[in-house]
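Structural characterization, general
As a plain string of letters, each chain reads:
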Amino acid sequence: MNSPLPILIVGGGIGGLATALVLARDGHAVTVLEQAASFGEIGAGIQLGPNIFRMFAWLGLTDVVSKMSFFPAGLTMNDVRTGEKIVRVPLGDLARATYGFPYGVIYRADLHQVFLDACLALPNITLRTDARLTSFEQSADSVRVQLAGGEVLQGAALIGADGLWSKVRELVVVDGKPRVSGHIAYRAVLPREDVPAHLWSDDVLLWGGEKTHLVHYPLRRGELFNLVAVFHSNKYEEGWNTFGDTAELTQRFIGACPQVQELLGKINTWKMWVLCDREPVKNWTNRRVTLLGDAAHPMLQYLAQG
């Protein structure tokens, strides 16, 4: 039997909204607390494996996600210095035949919008902005959450989907800040018309090398071109939306092949984020409070999927 109290979700990103959607469809009242002034998503592309499309089918979102996605022809890895092709894995019809679902890529903002629209369509989901959790306490039958403005909310349970620097994790696990991995990622998106034909690829293409790699692929039905450059760096700035140092990027890729150099030269402004990790823990849950996504188990992109 569902509680008359709502389930409280801290964090209005992709994970928080997806969780709200599933719980609401199961009959629960849900309140999503987003600390920002509006619901939105930053970042660039996301690769969507067939297992994720299985979940989209279960949620009834396959058509709308597919309209926003691009379906690459293959996964390719080239040597970043010589340009030599190392390996290619075909996708397309082969992926569908093998796994029953496709392999796609999508703009983070587009995927977030899909979940936001689905949540807005359900009357038992309340979406709140400017709602930053500062603390919580539990009783035998509820959780009380205090917001930055002093307001107190009561819920049947609390889910911390508030990312790598999770406040909920801080109070559940008590393990301090995430560990800096020593890697940094620069991201940028180009309109298709700004990408020369000889540099365009319908594959997810990785140029890999020692302590550096560049990956690129089309987004939004092929209208955009997503680039992410990753390299070792001692820099550290918390967050996902700070500006990168083009001079450092150029220096790290100084030995790259001409195609990579040309691609990197097309970008005047890069956004950057520091790749962080945490030690594995067993206590993601404390009674009526649990963690989800990066708040529970952040993963470096080399590990593919969480």
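Residues numbered from 1 in each chain as written. Predicted model: local features only at pLDDT ≥ 70, side-chain atom pairs only at ≥ 80, totals over all residues. Heavy atoms only, no water.

Per the secondary structure count, the protein chain includes eight helices and 19 strands. C-alpha extents for the protein chain along the principal axes are approximately 65 × 45 × 35 Å. Of all 306 residues assigned to the protein chain, the portion counted as buried reaches 47%. Of all intrachain contacts in the protein chain linking residues separated by at least 6 positions in sequence, the fraction that spans at least 24 positions is 71%. Of the charged side chains in the protein chain, 28 are positive and 30 negative, and the gap between their average positions amounts to 2 Å. (Helix = DSSP H or I, 4+ residues; strand = E, 2+ residues; numbered from the N terminus. Buried < 20%, exposed > 50% of the residue type's maximum accessible area, 1.4 Å probe, protein only. Contact = heavy atoms within 4.5 Å. Lys, Arg positive; Asp, Glu negative; His and termini not counted. Charge placed at Lys NZ, Arg CZ, Asp CG, Glu CD.)

So, on to helix H1 (residues 14-25). Helix length check: H1, at 12 residues, gives a terminal C-alpha distance of 17 Å against a target of 16 Å (1.5 Å per residue), a fit within 8%. By the criterion of burial, H1 is predominantly enclosed, with nine of the 12 residues buried. Ile 14, Gly 16, Leu 17, Ala 18, Thr 19, Ala 20, Leu 21, Leu 23 and Ala 24 are the residues of H1 that are buried. Downstream of H1 by one or two residues, Gly 27 has phi in the positive range, about 100 degrees. (Expected span 1.5 Å × (residues − 1).)

Sheets are built from strands that pair by backbone hydrogen bonding, the pairs being arranged parallel or antiparallel. Strand order in the open sheet formed by six strands is S7-S2-S1-S11-S19-S18, and the pairing between neighbours is mixed. The open sheet has two free edges, formed respectively by strand S7 (125-128) and strand S18 (285-286), since each of these has just one partner strand. In terms of strand pairing, strand S1 (residues 7-10) meets strand S2 (residues 30-33) through four bridges, oriented parallel. What sits directly across from Ile 9, in S2, is Val 32. (Pairing = 2+ DSSP bridges.)

Attention now moves to helix H8 (residues 258-265). Among all positions of H8, only Val 260, Leu 263 and Leu 264 are buried. Down the axis of H8, the buried set is contained in an arc of 95 degrees. They therefore lie on one face. Facing away from the buried side of H8, by more than 90 degrees, are the exposed residues Pro 258 and Gly 265. Elements that come into contact with the buried residues of H8 comprise strand S13 (204-209), strand S14 (212-219), strand S15 (224-232) and helix H7 (246-252). (Arc of directions from axis to C-beta.)

Counting residues in each nonpolar core, the largest one holds 30 residues, and the members touching the most others are Val 65, Leu 111 and Phe 115. At the level of elements, S1, H1, S2, strand S3 (45-48), helix H2 (50-59) and helix H5 (108-120) are the ones that each hand at least two residues to this core. The element contributing the most residues to this core is H1, with seven residues. Filtering out sequence-adjacent residues up to four positions away, Phe 115 remains in contact with Ile 14, Leu 17, Ala 18, Leu 21, Phe 56, Leu 59 and Leu 61. With 28 residues, the next largest nonpolar core counts Leu 190, Val 195, Leu 263 and Leu 264 among its residues. (Core = buried A, V, L, I, M, F, W, Y, C linked by side-chain atoms within 4.5 Å.)

On to the pairing of S1. Burial along S1 is two-sided: the residues Ile 7 and Ile 9 and Leu 8 and Val 10 are all buried. Two elements, S1 and strand S11 (residues 157-160), share four bridges in a ladder whose sense is parallel. Residue pairing in the sheet places Ile 7 in a bridge with Ala 157 of S11. A crossover links S1 with its parallel partner S2, the connecting element being H1, and its sense is right-handed. (Right-handed = clockwise from strand over helix to strand, strands pointing away.)

An order of S8-S9-S10 is seen for the three strands of this open sheet, with the pairing classed as antiparallel. If you trace the sheet from one side to the other, it starts and ends with strand S8 (133-138) and strand S10 (152-155), each paired once. If you compare each strand with its neighbour and ignore which way they point, the axes differ by 25 degrees on average. The pairing of strand S9 (residues 143-147) with S10 spans four bridges and is classified as antiparallel. Opposite Gln 146, over in S10, you have Val 152 as the bridge partner. (Axes fitted to C-alpha atoms, helices over the stretch in contact; angles between N-to-C directions.)

Here we come to the environment of Gly 45. Note on placement: Gly 45 falls in strand S3. On a C-alpha basis, the gap between Gly 45 and Ala 188 in space is 9.5 Å, while along the polypeptide they are 143 residues apart. When residues no more than four places from it in sequence are discounted, the contact partners of Gly 45 are Ile 106, Tyr 107, Arg 108, Tyr 217, Leu 219 and Asn 226.

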